[in-house]
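Inside the fold
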Amino acid sequence: VIVTGRPPRWMHGIAEAVAHHGLAICANGALVYDLRTEQVVEQHLIPAAAVREAVERLRAALPELGFAVDSPDGIVYEPGYDRLGWDRSSMIGQLADDDAGLLGRPCAKLLARHPSMDADELLERALPLVGDIVTPTHSNGTRLLEISALGVSKATSLARLCAKRGIEAPDVVAFGDMPNDLPMLTWAGRSYAVANAHPLVLAAVDHHTAAHDEDGVAQVLESLFPAPTS
């Protein structure tokens, strides 16, 4: 199962690479995506009231933040969001005229970008501010905070998917590299961090493998599922 922070609209090439087979958990657990049909088949969205409350709290403490909301049908962003490092011509989505257009409906992820604060510091600041109403995390060092519905993570959606198939956590092998992977890595029975993973991830798991550009995941899979000999 591919478990990613990416939205479904970024999954077409991956669906082709796996011959449109299987499922992907997208948006840090908010969406389950059928790679065969390229359709969202399950969603766990942030209620609109929680989106508004989270933005209100974060704006009060960190007024430099720019916000966007990512939903199964696309992204809506305020003017301040794309000024913080985005080329507007590359944005796929809609520019919101006001908060009503930005915050008026449930979303898969609330995104908050800061002009200078790195993602680790941003997450540290955000957790006590909004951690009681939403689930903040990050998957990069580019000043971007990714926020899901309260209690929604890669782990919760993967656990639900496994339970439907009679698979328990001890039988799951997981790979990751960034803080948004931590709930999944701590849930799975055997977890691996690639060598170039975030320091928190490297410290949290018992197993390490080679870096992503050295085929670290493939090396582990080949050791777990060796090719049959003739």
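Residues numbered from 1 in each chain as written. Predicted model: local features only at pLDDT ≥ 70, side-chain atom pairs only at ≥ 80, totals over all residues. Heavy atoms only, no water.

1. What about the packing of aromatic side chains?
Any two aromatic rings considered together are summarised by their centre-to-centre distance and by the angle between their planes. In this structure the tally under the stated criterion is one aromatic pair. Note on Phe175 and Tyr192: the rings are 5.4 Å apart at their centroids and 20° apart in plane angle, and the pair reads as stacked. Note that Phe175 is positioned in strand β11 (residues 173-176) and Tyr192 in strand β12 (residues 190-194), a separation of 17 residues in sequence. (Phe/Tyr/Trp six-rings, centres within 6.5 Å; stacked < 30°, edge-to-face > 60°. Helix = DSSP H or I, 4+ residues; strand = E, 2+ residues; numbered from the N terminus.)

2. Comments concerning the sheet that holds strand β1 (residues 2-3)
Sheet strands line up and pair through hydrogen bonds in the backbone, either parallel or antiparallel. What the four strands build is an open sheet, ordered β1-β2-β3-β4; its pairing is mixed. Two strands in the sheet have a free side with no partner beyond their single neighbour: β1 and β4 (39-43). Here strand β3 (residues 31-34) pairs with β4 via four bridges, running antiparallel. Its bridge partner lying in β4, Leu31 is registered against Gln43. Lying over the sheet, helix α6 (residues 154-164) contacts β1, β2 (23-26) and β4, oriented at roughly 155° with respect to β2. (Pairing = 2+ DSSP bridges. Contact = heavy atoms within 4.5 Å. Axes fitted to C-alpha atoms, helices over the stretch in contact; angles between N-to-C directions.)

3. With respect to the pattern of salt bridges
Tallying each qualifying case throughout the model produces 10 salt bridges. For Asp132, the salt bridge is made with Arg57, and the minimal N-O distance between the two is 2.7 Å. With Asp132 in the loop between α5 (119-130) and β9 (134-137) and Arg57 in helix α2 (residues 48-61), this pair connects stretches of sequence that are 75 residues apart. Of the residues examined, Arg57 reaches a relative accessible area of 25% and is grouped as partly exposed. One continuous salt-bridge network, built from bridges that share partners, spans Glu42, Arg160 and Lys164. (Salt bridge = Lys/Arg side-chain N within 4 Å of Asp/Glu carboxyl O. Buried < 20%, exposed > 50% of the residue type's maximum accessible area, 1.4 Å probe, protein only.)

4. What about the environment of Leu161?
Among the structural elements, Leu161 can be located in helix α6. Taking relative accessible area as the criterion, Leu161 reaches 7% and is therefore assigned buried. Placed 129 residues apart in sequence, Leu161 and Val32 show a C-alpha to C-alpha distance of 9.2 Å.

5. Side note on unusual backbone geometry
If you check the backbone angles, Ala19 has positive phi at about 55° while not being a glycine. Mapping Ala19 onto the fold places it in the loop between α1 (12-17) and β2.

6. Describing the packing of α2 against α5
Relative to each other, α2 and α5 sit at 130°, their axes nearing to 10 Å. Overall, the two elements α2 and α5 adopt an arrangement that is oblique. As for the relative orientation of α2 and α5, their crossing is right-handed in sense. Within the contact between the two elements, α2 uses Ala54, Arg57, Leu58 and Ala61 and α5 uses Arg125, Ala126, Leu129 and Val130. (Parallel < 35°, antiparallel > 145°, perpendicular 65-115°, else oblique. Left-handed = near helix turned anticlockwise from the far one by under 90°.)

7. Here's the deal with the nonpolar core
Counting 28 residues, the largest nonpolar core has Ile46, Phe67, Val69, Leu110 and Val134 as its most contacted members. Mapped onto this core, the elements with two or more residues apiece are α2, β5 (66-71), α4 (99-103), β8 (109-113), α5 and β10 (144-149). The element best represented in this core is α2, accounting for five residues. Every residue in contact with Ile46, bar those within four places of it in the chain, is listed here: Val51, Pro106, Cys107, Ala108, Lys109, Leu110, Val134, Ile147, Ser148 and Ala149. (Core = buried A, V, L, I, M, F, W, Y, C linked by side-chain atoms within 4.5 Å.)

8. As for the pairing of β11
Alternating residues of β11 divide into Ala174 and Gly176, all buried, and Val173 and Phe175, none buried. Sheet analysis places β11 next to β12, joined by four bridges and oriented parallel. Its bridge partner being in β12, Val173 is matched across the sheet by Arg190. For the handedness criterion, the β-α-β arrangement of β11, helix α7 (residues 182-187) and β12 is classed as right-handed. (Right-handed = clockwise from strand over helix to strand, strands pointing away.)

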